[in-house]
Amino acid sequence: MRVLGFGDNIVDRFVDRGIDYPGGNSVNVAVYARRLGVASAYLGVFGDDELGGFLRSAIAAEGVAVDRCVVRSGESGVSHLKVDDGDRVFLGWNGGGVTVREPLTLDDDLLGYVGGFDLVHSSVYSRSEDELPKLAGLGPLVSFDLSSEDEHRDPGYLDRVCPHADLVLLSCSHLDEEATAALLAEAVRRGARLALGTRGVHGAIASDGRHTLSAPADLTHEIVDTMGCGDAFVTGFAVSLLRDGWSAQAPATPAAIERALAAGAAAARAQCQVEGAFGHGRRTA
């Protein structure tokens, strides 16, 4: 079993701690899959600045392959954050740097490489939408994080992504259960094979258009940092489905989805006790 994170990487700079942490949705999924015992790799663009080297080294130190990544001239992405009572507060970013400005294009060589994975994960922060149709019929399942912004709920945007996704994740902590279920149904109606909505302390809901299943959060009072909890959930969810035999030819069964919801909640709970997305913090220069 092999998982590929394709797209974004970023430095999460916690201004209240004076610490930089490596991160990025696609990177996090690759790292979390590796921590769950799955072989994984990251494919994306690093800046040629010192922060790019920091990111690459931290990801590789987790046992995630980075040998097919590209280094481009330009700055790395940096987001500025602080933690308030255990919750992450986003203060702004530099637009993602060269990673987002000049993303990878999947040529025949890279498509041959990507085809060797069981799951490819990307996100709205990766500018990978135009690459998704190339993955159709290639072999790997495709998961895509649609985050929480309204612009990524727009029908036009959903129509760019959902027909090419086997699993979409939507952050829905600001929505009630009924609204979350409706949003998941919309994503499936527009082509996603399976949609997952995470609702923080209120649990999660998954739908394949025929079955809608929910599960409570695996709550903990020992919260160090909520950074990466949603990424940990989708990774635990997807890895559980893969271990249950989920593939392009074998849709996930309701029983497998129930087990995956529990696995995702357990992964998110564990992530709440980690500083940054996956550690490797260092003092800011």
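Residues numbered from 1 in each chain as written. Predicted model: local features only at pLDDT ≥ 70, side-chain atom pairs only at ≥ 80, totals over all residues. Heavy atoms only, no water.

Draft legend 1. Spatial organisation of the pairing of strand β11 (residues 195–198). Where burial is concerned, the two faces of β11 agree: the one with Ala 195 and Gly 197 and the one with Leu 196 and Thr 198 are both buried. Judged from the 4 bridges that link them, strand β10 (residues 167–171) and β11 form a sheet pairing that is parallel. Bridge pairing in β11 places Ser 171 opposite Thr 198. As a crossover connection, the stretch from β10 through helix α6 (residues 177–189) into β11 is right-handed. (Buried < 20%, exposed > 50% of the residue type's maximum accessible area, 1.4 Å probe, protein only. Helix = DSSP H or I, 4+ residues; strand = E, 2+ residues; numbered from the N terminus. Pairing = 2+ DSSP bridges. Right-handed = clockwise from strand over helix to strand, strands pointing away.)

Draft legend 2. Representation of the sheet that holds strand β5 (residues 70–72) within the structure. Strand order in the open sheet made by the 9 strands is β5-β4-β1-β8-β9-β10-β11-β12-β13, with mixed pairing throughout. Among the strands making up the open sheet, the edge pair consists of β5 and β13 (212–215). When strand polarity is set aside, the average angle formed by the axes of neighbouring strands in this sheet is 15°. The pairing of strand β4 (residues 39–47) with β5 spans 3 bridges and is classified as parallel. Note on β5: the bridge partner recorded for Gly 47 is Arg 72. Across the face of the sheet, helix α7 (residues 229–243) comes into contact with β1 (2–7), β8 (119–123), β9 (141–145), β10, β11 and β12 (204–207) while running at roughly 155° to β10. (Axes fitted to C-alpha atoms, helices over the stretch in contact; angles between N-to-C directions. Contact = heavy atoms within 4.5 Å.)

Draft legend 3. Focus on the pattern of salt bridges. Applying the stated criterion to the full structure yields 12 salt bridges. Put simply, Arg 210 and Asp 208 hold a salt bridge, and the shortest N to O gap is 3.7 Å. Under the relative-accessibility criterion, Arg 210 is labelled exposed at 65%. One network of salt bridges, in which partners are shared, links Asp 159, Glu 186, Arg 189 and Arg 190. (Salt bridge = Lys/Arg side-chain N within 4 Å of Asp/Glu carboxyl O.)

Draft legend 4. Structural detail: the packing of helix α1 (residues 25–35) against α7. Where α1 contacts α7, the axes come no closer than 9 Å and their chain directions differ by 50°. Comparing the axis directions of α1 and α7 gives the class oblique. Between α1 and α7 lies a crossing whose hand is right-handed. Facing α1, whose interface residues are Asn 25, Asn 28, Val 29, Tyr 32 and Ala 33, α7 presents Asp 231, Ala 232, Val 234, Thr 235 and Val 239. For the contact of α1 with α7, a count of residues per class yields 6 nonpolar, 3 polar and 1 charged. (Parallel < 35°, antiparallel > 145°, perpendicular 65-115°, else oblique. Left-handed = near helix turned anticlockwise from the far one by under 90°. Nonpolar A, V, L, I, M, F, W, Y, C, P; charged D, E, K, R; others polar.)

Draft legend 5. Local environment of the sheet that holds strand β7 (residues 87–93). Taken in spatial order, the 5 strands make up an open sheet running β7-β6-β2-β3-β14, and their pairing is mixed. Single-partner strands in this sheet number two, and they are β7 and β14 (282–283). Where strand β2 (residues 10–14) meets strand β3 (residues 19–23), 5 bridges bridge the pair, whose relative direction is antiparallel. Across the sheet, residue Asp 12 finds its bridge partner in β3, namely Tyr 21. Its contacts with the sheet place helix α2 (residues 50–61) against β2, β3, β6 (78–84) and β14, and it is angled at close to 60° to β3.

Draft legend 6. Quick look at unusual backbone geometry. One non-glycine residue with positive phi stands out, namely Ser 147, at about 55°. By the secondary structure assignment, Ser 147 is in the loop between β9 and α5 (155–161). Notably, His 280 is not glycine yet its phi reads approximately 60°, a positive angle. Within the secondary structure layout, His 280 lies in the loop between α8 (254–271) and β14.

Draft legend 7. Main features of the packing of aromatic side chains. Evaluation of the coordinates by the stated rule reveals 3 aromatic pairs. Between the aromatic rings of Phe 14 and Tyr 21, the centroid separation amounts to 5.3 Å while the plane-to-plane angle is 90°, which identifies the pairing as edge-to-face. Like Tyr 21, Phe 14 is buried. Ring centres 5.2 Å apart and planes at 75° place the aromatic pair Tyr 113 and Phe 117 in the edge-to-face group. Arg 2 extends its terminal NZ or CZ atom over the ring of Phe 117, reaching a point 4.0 Å from the ring centre. Of note, Arg 68 hangs over the ring of Tyr 113, and the distance from its end group to the ring centre comes to 5.1 Å. (Phe/Tyr/Trp six-rings, centres within 6.5 Å; stacked < 30°, edge-to-face > 60°. Lys NZ or Arg CZ within 6 Å of the ring centre and 35° of its normal.)

Draft legend 8. Quick peek at the nonpolar core. Formed by 35 residues in total, the largest nonpolar core has its most connected members in Leu 43, Leu 146, Val 168 and Leu 170. Breaking this core down by element, the ones donating at least two residues are β1, β4, α4 (108–114), β9, α5, β10 and α6. Residues in contact with Leu 146, not counting those within four places in the same chain, are Val 124, His 152, Arg 153, Tyr 157, Leu 158, Val 161, Val 168, Leu 169 and Leu 170. Membership of the second largest hydrophobic core comes to 29 residues, among which are Val 3, Leu 169, Leu 213 and Val 239. (Core = buried A, V, L, I, M, F, W, Y, C linked by side-chain atoms within 4.5 Å.)

These figures come from the coordinates and say nothing about function on their own.
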